[in-house]
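Residue strings, one per chain:
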Amino acid sequence: WQQNYLISSAAERDREYWHQQLTGEMPRLELPGESVQTKSASYDSGTETLNIDSETLNELKYLAVINHTTLYTLLLSIFKTLLYRYSGQSDLIVGTPILGRPKRDFTDLVGFFVIGVALGWGRLGEQRFCDYLSHVNTVVLEAIAHQHYPYALLSEQLLLHAEGNALPFRTWFVLQTGENPFAAALALGQSGVTGEWADMKAESIGLLKGTEEFDLTLQCAETGQGLTAVFSYRQRALSQETVQRML
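Computed from a predicted model, the values in this text were never measured in an experiment.

Asker: Account for the pairing of strand β6 (residues 200-203), with residues named and values stated.
Answerer: In this structure, strand β5 (residues 194-197) lies alongside β6, joined through 4 bridges in antiparallel fashion. From the neighbouring strand, Thr194 faces β6, where its bridge partner is Glu203.

In structure tokens form, the structure reads like this:
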């Protein structure tokens with residue numbers, strides 16, 4: 001399927017879309033007092049956790065509904081606004097995973113199909129949050145419509161025209177949907193949550209020492225008791241004190 005897609009006009013349209021979205025210098029998260037070490041090979045990470053109660057989560061879902069969008073897009077918009085609040089950068093590109101199964105034939109096929117897409121939406125400017133939320137919603141829908149072009153191939157093409165080891169994005173956002181506490185614990189790397197896996201009883205165990213590919217990742221999951229947001233950061237890029245201030 002992908003080989004036929006890559007020689008099609010649809011692939012050319014998708015490629016042109018992403019090149020337009022990601023042309024020019026790739027912005028990198030720059031927070032006051034931080035020194036981003038772009039050439040460091042260390043991916044040691046730290047995490048900070050924010051727990052949001054069920055009542056607040058329901059209010060967030062209602063806010064998404066009345067603005068004709070989803071909880072995912074709302075949280076993504078809040079994350080982007082948070083980054084702007086602390087960095088002053090309104091043109092940051094945030095990466096996010098998409099399922100990556102474009103055909104019904106792939107539904108039951110075993111394998112890791114998840115792909116990353118880069119979401120860039122220009123400068124914030126002076127606008128109301130609800131207007132900005134609507135704009136982010138449009139960007140997300142456009143990205144989904146053009147998601148089939150392979151991210152690895154796109155990155156290679158972009159890197160050919162970039163100085164240094166630039167990447168389309170250094171921040172990452174994930175929302176684990178559903179209200180399964182065990183699935184949420186696995187997604188968030190938490191220990192001590194029990195559940196069933198393929199008719200077997202299992203218990204989640206978090207890693208003692210984590211790694212992080214991106215400078216900053218926000219991973220959210222519904223836990224059955226609200227929403228848990230885990231900020232994972234690369235220690236060579238950001239300090240614990242900086243991330244704690246963002247909470």
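Next comes the rest of the write-up.
Asker: Before we move on, can you summarise a nonpolar patch on the surface with the specific residues and values?
Answerer: A contiguous nonpolar patch, built from Tyr62, Leu63, Val65, Ile66, Ile78 and Phe129 and spanning about 540 Å² of accessible area, is present on the exposed surface. The leading source of residues in the nonpolar patch is helix α3 (residues 54-66), at 4 residues. With respect to the helices and strands, Ile66 occurs in helix α3.

Asker: Report on the packing of helix α4 (residues 71-87) against helix α5 (residues 129-145), specifying residues and quantitative values.
Answerer: One way to put it is that α4 packs onto α5 with a least axis distance of 9 Å and a crossing angle of 115°. The handedness of the crossing between α4 and α5 is right-handed. Two secondary-structure elements touch here, α4 through Tyr72, Thr73, Leu74, Leu76, Ser77, Ile78, Lys80 and Thr81 and α5 through Phe129, Tyr132, Leu133, Val136, Asn137 and Val140. A breakdown of the residues in the contact of α4 with α5 according to their chemical character gives 9 nonpolar, 4 polar and 1 charged.

Asker: Tell me about the nonpolar core, residues and numbers included.
Answerer: Residues Phe173 and Leu216 are the most contacted members of the largest nonpolar core, which totals 53 residues. Looking at this core element by element, the count peaks at 8 residues for α4. Leaving out residues up to four positions away in the same chain, Leu216 has contacts with Leu29, Phe79, Leu83, Arg170, Thr171, Trp172, Phe231, Ser232, Tyr233, Leu238 and Met246.

Asker: Residues and numbers for unusual backbone geometry, please.
Answerer: Backbone geometry places His68, a non-glycine residue, at a positive phi of 60°. Structurally, His68 is set in the loop between α3 and α4. A residue is classified by how much of its surface remains accessible, and His68, at 70% relative accessible area, is exposed.

Asker: Give me the packing of aromatic side chains: which residues, what numbers.
Answerer: All told, the structure shown has 4 aromatic pairs when counted by the stated rule. With 5.5 Å between their ring centres and 55° between their planes, Tyr72 and Phe173 make a pair best called tilted. Placement of the pair is Tyr72 in helix α4 and Phe173 in strand β4 (residues 171-176), with a sequence separation of 101 residues. As far as the burial class goes, Tyr72 and Phe173 line up, both buried. The interplanar angle of 5° and the centroid separation of 4.9 Å between the aromatic rings of Trp172 and Phe214 together place this pair among those described as stacked.

Asker: Quick rundown of the pattern of salt bridges? Include the residues and the values.
Answerer: Inspection of the entire model under this criterion finds 6 salt bridges. Here Arg15 ties to Glu12 by a salt bridge, and the two come within 3.0 Å at their closest N and O atoms. Here Arg15 pairs with Glu12, and both are found in helix α2 (residues 9-21), just 3 residues apart, close to one helical turn. Given a relative accessible area of 39%, Glu12 falls into the partly exposed group. Put simply, Asp131 and Arg128 hold a salt bridge, and the shortest N to O gap is 3.2 Å. Judged by its relative accessible area of 36%, Asp131 is partly exposed. When its relative accessible area of 55% is taken as the criterion, Arg128 is described as exposed. When salt bridges with common partners are traced through the structure, they connect Glu12, Arg15 and Glu16 into a single cluster.

Criteria and cut-off values
- Residues numbered from 1 in each chain as written.
- Predicted model: local features only at pLDDT ≥ 70, side-chain atom pairs only at ≥ 80, totals over all residues.
- Heavy atoms only, no water.
- Pairing = 2+ DSSP bridges.
- Helix = DSSP H or I, 4+ residues; strand = E, 2+ residues; numbered from the N terminus.
- Patch = residues over 30% accessible without salt bridge, like charges linked within 9 Å, V, L, I, M, F, W, Y side chains within 5 Å.
- Areas by Shrake-Rupley, 256 points an atom, 1.4 Å probe, with all protein chains shown as cover.
- Salt bridge = Lys/Arg side-chain N within 4 Å of Asp/Glu carboxyl O.
- Axes fitted to C-alpha atoms, helices over the stretch in contact; angles between N-to-C directions.
- Left-handed = near helix turned anticlockwise from the far one by under 90°.
- Contact = heavy atoms within 4.5 Å.
- Nonpolar A, V, L, I, M, F, W, Y, C, P; charged D, E, K, R; others polar.
- Core = buried A, V, L, I, M, F, W, Y, C linked by side-chain atoms within 4.5 Å.
- Buried < 20%, exposed > 50% of the residue type's maximum accessible area, 1.4 Å probe, protein only.
- Phe/Tyr/Trp six-rings, centres within 6.5 Å; stacked < 30°, edge-to-face > 60°.

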